[in-house]
Amino acid sequence: MKDLTNLFVILIAIYGWYIFIKDVLNTYIYKKIKFDNNIKMKIIIKDQEENIEMLIKKIKSEFDEVKDLEIIDDNSQDKTYEILTKIQKKNHNINIRKINEIL
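Peer 1: Can you tell me about a nonpolar patch on the surface, naming the residues and giving the values?
Peer 2: On the surface, a cluster of nonpolar side chains totalling about 750 Å² of accessible area is made up of W17, F20, I21, V24, L25, Y28 and I29. Its relative accessible area of 55% is what places W17 among the exposed residues.

Peer 1: Outline the environment of N75, supporting the account with residue identities and numerical values.
Peer 2: Looking at the element boundaries, N75 is found in the loop between β2 (66-73) and α3 (80-90). Separated by 26 residues in the primary sequence, N75 and E101 place their C-alpha atoms 11 Å from one another. Not counting residues up to four positions away in its chain, the partners in contact with N75 are K46, I99 and N100. A polar side-chain atom of N75 sits 3.5 Å from a polar atom in the side chain of N100.

Peer 1: Give me the lowdown on the environment of K46, citing residues and values where you can.
Peer 2: Residue placement: K46 occurs in the loop between β1 (39-45) and α2 (52-62). Overall, the relative accessible area of 42% leaves K46 in the partly exposed class. C-alpha of K46 to C-alpha of Q77: the two residues are 31 residues apart in sequence and 7.9 Å apart in space. Discounting residues that sit within four places of it in the chain, K46 has contacts with D74, N75 and S76.

Peer 1: Outline the packing of aromatic side chains, supporting the account with residue identities and numerical values.
Peer 2: Tallied over the full model, the rule gives two aromatic pairs. Each ring, one from Y15 and one from Y18, has its centre 6.4 Å from the other, and the planes form 35°; the classification is tilted. Taken together, the positions of Y15 and Y18, both in helix α1 (residues 2-31) and three residues apart, correspond to about one turn of that helix. Taking relative accessible area as the criterion, Y15 reaches 53% and is therefore assigned exposed. Each ring, one from W17 and one from F20, has its centre 5.7 Å from the other, and the planes form 90°; the classification is edge-to-face. Of this pair, W17 and F20 both sit in helix α1, separated by three residues, roughly a single helical turn.

Peer 1: Report on the pairing of β1, specifying residues and quantitative values.
Peer 2: Two elements, β1 and β2, share seven bridges in a ladder whose sense is parallel. Bridge pairing in β2 links K40 to D68.

The rules we used
Residues numbered from 1 in each chain as written. Predicted model: local features only at pLDDT ≥ 70, side-chain atom pairs only at ≥ 80, totals over all residues. Heavy atoms only, no water. Patch = residues over 30% accessible without salt bridge, like charges linked within 9 Å, V, L, I, M, F, W, Y side chains within 5 Å. Areas by Shrake-Rupley, 256 points an atom, 1.4 Å probe, with all protein chains shown as cover. Salt bridge = Lys/Arg side-chain N within 4 Å of Asp/Glu carboxyl O. Buried < 20%, exposed > 50% of the residue type's maximum accessible area, 1.4 Å probe, protein only. Helix = DSSP H or I, 4+ residues; strand = E, 2+ residues; numbered from the N terminus. Contact = heavy atoms within 4.5 Å. Polar contact = N/O pair within 3.5 Å; in protein donor to acceptor, adjacent residues only side chain to side chain. Phe/Tyr/Trp six-rings, centres within 6.5 Å; stacked < 30°, edge-to-face > 60°. Pairing = 2+ DSSP bridges.

From the geometry alone we can't say anything about function, so treat these as descriptive.
Shown next, in the form of structure tokens:
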């Protein structure tokens, strides 16, 4: 039983080192990638009243290179579109459209 426990601990340690090295290499590789500052992002959302503000903050913090963000509301039944309208007034690089306008 003790040998099995030791084997389990060793496997967890190896897996931990694998994840650590993978993350370090990914960070190093992705930092060298240069992005164009004219990136435009489009997302389609539906009924995200509770999450939309946090989602936009996350996008803005993770993707500094995004020049324009277009959010397409897929006929939300909650107040998602109203919240987006308020956010758009504060952020000039965010465009909001309804799915009906596109189709």
